[in-house]
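In case you want the letters, here they are:
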Amino acid sequence: QLKLVESGGGSVQAGGSLRLSCVASEYTHTGFCMGWFRQGPGNQREGVAVVSRTGRTTYADSVKSRFIISKDDAKNNLYLHMNNLKPEDTARYYCAATMCGGEWAPLVSRSYTYWGQGTQVNVSS
């Protein structure tokens, strides 16, 4: 059973930066799509950034040019570098993974079967 554990959340002021980390219990660089999703107060869970098994990335329009998703395959780690944070980025961020065989990863939560417990990000003005 694949297990995911997130870390790196916290409270920052608008314009600040954070790096979220996700550690997977087994190798995921072959056969898995992975990504970050978030759920803010009163909102539905939404896709933030995902990366396919071939390394192709997809971002939500709201975070393009500010967030970067990356992987360290040797360590089975997934990262989300968040820059120029805005109050609307406040949410609980989740790491997710799913078996996939395509060239691109889906940016929809219903496509993912493995989930971490999440890490809270609070951005104040």
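Remember, predicted model here, so these are calculated numbers, not experimental data.

A word on the side chain of Arg38
- Take Arg38: it is sitting in strand S4 (residues 32-39).
- There is a polar contact of 3.5 Å between the side chain of Arg38 and the side chain of Ser62.
- Polar side-chain contacts of Arg38 include one of 2.9 Å to the side chain of Asp89.
- Sequence-distant contacts of Arg38, defined by excluding residues within four places in its chain, comprise Gln44, Arg45, Glu46, Val48, Ser62, Val63, Phe67, Glu88, Asp89, Ala91, Arg92 and Tyr93.

Some thoughts on the pairing of strand S7 (residues 67-72)
- Note: S7 against strand S8 (residues 77-82), six bridges, orientation antiparallel. Note on S8: the bridge partner recorded for Asp72 is Asn77.
- As consecutive antiparallel partners, S7 and S8 are separated by four residues, and within that stretch Asn76 has a phi angle of approximately 55°, a positive value.

Comments concerning the pattern of salt bridges
- Taken as a whole and judged by the stated rule, the model has six salt bridges.
- For Lys71, the salt bridge goes to Asp73, with nearest N and O atoms at 3.8 Å.
- Classification of Lys71 by relative accessible area gives partly exposed; the value is 28%.
- Accessibility expressed as a relative area gives 35% for Asp73, which makes it partly exposed.
- Among the charged side chains, a network of salt bridges with common partners joins Arg38, Glu46, Arg66 and Asp89.

Structural notes on the state of the cysteines
- Evaluation of the coordinates by the stated rule reveals two disulfides.
- At a sulfur-sulfur separation of 2.1 Å, the disulfide partner of Cys22 is Cys95. Because the sign of the S-S torsion sets the handedness, a value of about -75° for the bond joining Cys22 and Cys95 places this disulfide among the left-handed ones. Linking Cys22 in strand S3 (residues 18-24) with Cys95 in strand S9 (residues 91-99), this pair joins segments that are 73 residues apart in sequence.
- Between the sulfur of Cys33 and that of Cys100 lies a disulfide, 2.1 Å long from S to S. Here Cys33 and Cys100 share a disulfide; its torsion about the S-S bond, 105°, makes the bridge right-handed. Here the residue Cys33 occupies a position in strand S4, and Cys100 occupies one in the loop between S9 and strand S10 (114-115), the gap between them amounting to 67 residues.

Overview of the sheet that holds S8
- Read from one edge of the open sheet, four strands run S1-S3-S8-S7, paired in antiparallel fashion. Every interior strand has two partners, whereas the edge strands, strand S1 (4-7) and S7, have only one. Here the strands of the sheet are splayed against their neighbours by 15° on average, with no regard to which way each runs.
- Pairing analysis gives four bridges linking S1 to S3, with the strands arranged antiparallel. Residue pairing for S3: Ser7 is matched across the bridge by Ser21.

Calculation criteria
- Residues numbered from 1 in each chain as written.
- Predicted model: local features only at pLDDT ≥ 70, side-chain atom pairs only at ≥ 80, totals over all residues.
- Heavy atoms only, no water.
- Helix = DSSP H or I, 4+ residues; strand = E, 2+ residues; numbered from the N terminus.
- Polar contact = N/O pair within 3.5 Å; in protein donor to acceptor, adjacent residues only side chain to side chain.
- Contact = heavy atoms within 4.5 Å.
- Pairing = 2+ DSSP bridges.
- Salt bridge = Lys/Arg side-chain N within 4 Å of Asp/Glu carboxyl O.
- Buried < 20%, exposed > 50% of the residue type's maximum accessible area, 1.4 Å probe, protein only.
- Disulfide = S-S within 2.5 Å.
- Axes fitted to C-alpha atoms, helices over the stretch in contact; angles between N-to-C directions.

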